[in-house]
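# Tertiary structure, described
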Amino acid sequence: MNVWIFQDQPGISMVEQLRIKGKGSIWEWNVDRYISDETDPHIERGDIVLQWQPYLNDAALAGIYASGRLVRGPYPSKGGKTNWKADVEIRQVLRAPITREEIQAMQDPVLLAMHIMRMPGGHIVFPVKPEAWHALRKMRRTE
């Protein structure tokens, strides 16, 4: 089992989506890498997914807002383009996000080394190493 950060689309409020859809809902995500069994790691059913909102505004800071499990995917999307999708069931909504600023302020080298912290732009899917997952779990805030 792997742990991933899936970054939401810029300009769309994850807070609003979570309020509408809520815990137990299934979200379809675009996935842009780690889709092949030949990559290590690769996305598989049962993996843990942390949902990251990129900076939207001062009310929607960049950070982790929810977590879930991959229930389907990766699978090719419908249509002519070769885009890939994955379905995530929301299992927990954080009562307060774990923000990028909070992670930076902790000065934990394990968390600062996460791909989402070093190069957040350009991708949707980021692997989370076991030691970073352990550190993030200590910060978890469920609803």
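Structure report, in brief. All residue numbers refer to position in the chain's written sequence, counted from 1. Totals for whole chains, interfaces and linings use all residues, but because this is a predicted model, local features are given only for residues with pLDDT of at least 70 and pairs of side-chain atoms are given and counted only at 80 or more. Each side-chain value is worked out from all heavy atoms of the structure, with water and hydrogens disregarded.

### Concerning the sheet that holds strand 3 (residues 48-53)
A pair of strands is labelled paired if DSSP reports no fewer than 2 bridges between them. Here a strand is any run of E in DSSP of at least two residues, a helix any run of H or I of at least four, and the numbering for each starts at the N terminus. Strand order in the open sheet formed by six strands is 2-5-4-3-1-6, with mixed pairing between adjacent strands. In this open sheet, the two edge strands, each paired with only one partner strand, are strand 2 (26-31) and strand 6 (125-128). Strand-to-strand twist of the sheet, defined as the mean angle between neighbouring strand axes without regard to direction, takes the value 40 degrees. Pairing between strand 1 (residues 3-7) and strand 3: five bridges, direction parallel. Looking at the pairing, phenylalanine 6 lines up with glutamine 51 of strand 3. Should any heavy atoms of two residues lie within 4.5 Å, those residues are considered in contact. Note on definitions: angles span 0 to 180 degrees between N-to-C directions of axes, and those axes are lines fitted to C-alpha atoms, for helices only across the stretch in contact. Against the sheet, helix 1 (residues 14-21) touches strand 2, strand 3, strand 4 (63-76) and strand 5 (84-99), its axis set at about 145 degrees to strand 2. Across the face of the sheet, helix 5 (residues 130-137) comes into contact with strand 1, strand 3, strand 4, strand 5 and strand 6 while running at roughly 90 degrees to strand 6.

### Some details on the pairing of strand 6
Partly exposed residues are those whose accessible area sits between 20% and 50% of the maximum for their type, while under 20% is buried and over 50% is exposed, using a 1.4 Å probe and protein chains only. Residue alternation in strand 6 divides its side chains into two sets, Val125 and Pro127 and Phe126 and Val128, and both sets are buried. Both strand 1 and strand 6 contribute to a ladder of four bridges, which runs antiparallel. Within the sheet, the bridge partner assigned to phenylalanine 6 lies in strand 6 and is valine 125.

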